[in-house]
Amino acid sequence: MSEKTIHIEGIGNVRFRKNIRSKNVSIALRPQKGVMVTLPSFVSYGYALKVVEQKRPWIKKHWPKIQAIEDKATVFTENTSFKTRARLLKITQNCNNHIKTKLTPNSIEIEYPEKLNIKSPEIQHIIKQTIIKALRYEAKEYLPERVKILAQKYRFNYQKIYIKNNKTLWGSCSGVNNINFNLHLMRLPDHLIDYVIIHELCHTIEKNHGLAFWNLMDSILGNARSLSKELKKYSINIY
């Protein structure tokens, strides 16, 4: 897979990525990533560029929605209130020349040089990567055992469990009943973590989101769609 970034006047930097599985040129707008164009490997960047120009009105129409999402994104400071399922974020300044990070059983600790701006991309990136590290630890500690408990209680069978840092999905179930969970589940309330787990366990029996799937979900959770609606209030990309 090859890619390049091209600056387009009035749009900004556009990321073009070739994919052997793609059959057509597709354009997506992504928070924090901007305009992303996927094109088949046999299509030239020049042709894809013309497609972007043709779609300029569409891009400009929908871009404000992406900016609104980006504006909600957390900028971490000393005053930010943030916690995972088990750990509280603590950010402080130090007199050193480097950033220090530490995970304890109940905290995510970040120390940064007082001469640096905490809102700089460098420090924000380190804070988020440290949070992700903590989320991964917690997910591996909590999710496999919780899945086992719920699967036994409701008589589901599954194969393997994988923990991933997905950008779009809270969970997924493969055709052979391997289940993928997003480590960002550790930012959700316990009842929504259970909802996602049961959702994927139900997919071991019902592979689509048809009536039989939701009837199975309701038999366990009651009004499962109300929990689905509640989950939509949370974003994987916004802390």
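The preceding data block contains the structure.
The structure presented is a predicted model; accordingly, all values stated were derived computationally and were not measured. (Residues numbered from 1 in each chain as written. Predicted model: local features only at pLDDT ≥ 70, side-chain atom pairs only at ≥ 80, totals over all residues. Heavy atoms only, no water.)

Chemist: I'm lost on the state of the cysteines in this one. Help?
Modeler: Defined simply, a disulfide is a covalent bond joining two cysteines at their sulfur atoms. Tallied over the full model, the rule gives zero disulfides. For the unlinked cysteine Cys173, the closest cysteine sulfur is that of Cys202, found at 10 Å. (Disulfide = S-S within 2.5 Å.)

Chemist: It is not clear to me how the packing of helix 3 (residues 121–154) against helix 4 (residues 190–202) should be interpreted in this structure. Could you clarify?
Modeler: Angle between the axes and distance between the axes: these two values describe a pair of packed helices. Interaxial distance between helix 3 and helix 4 falls to 10 Å at its minimum, and their mutual angle equals 60°. Comparing the axis directions of helix 3 and helix 4 gives the class oblique. Crossing geometry of helix 3 relative to helix 4 is assigned as right-handed. Residues Tyr142, Leu143, Arg146, Val147, Leu150, Ala151 and Tyr154 of helix 3 form the contact with helix 4, whose participating residues are Ile193, Asp194, Ile197, Ile198 and Leu201. (Axes fitted to C-alpha atoms, helices over the stretch in contact; angles between N-to-C directions. Helix = DSSP H or I, 4+ residues; strand = E, 2+ residues; numbered from the N terminus. Parallel < 35°, antiparallel > 145°, perpendicular 65-115°, else oblique. Left-handed = near helix turned anticlockwise from the far one by under 90°. Contact = heavy atoms within 4.5 Å.)

Chemist: How do you make sense of the nonpolar core when you look at a structure like this?
Modeler: Most often, soluble globular proteins have nonpolar side chains that are buried together. Counting residues in hydrophobic clusters, the biggest one holds 47 residues, and the most contacted among them are Leu143 and Phe181. If one sorts the elements of this core by residue count, helix 3 sits on top with 12 residues. The residues touching Phe181, leaving out its near neighbours within four places in the chain, are Leu143, Val147, Ile161, Tyr162, Ile163, Lys164, Trp170, Gly171, Val196, Ile197 and Glu200. Ile27, Leu29, Leu39 and Val43 belong to the second-largest nonpolar core, a separate cluster that totals 16 residues. (Core = buried A, V, L, I, M, F, W, Y, C linked by side-chain atoms within 4.5 Å. Buried < 20%, exposed > 50% of the residue type's maximum accessible area, 1.4 Å probe, protein only.)

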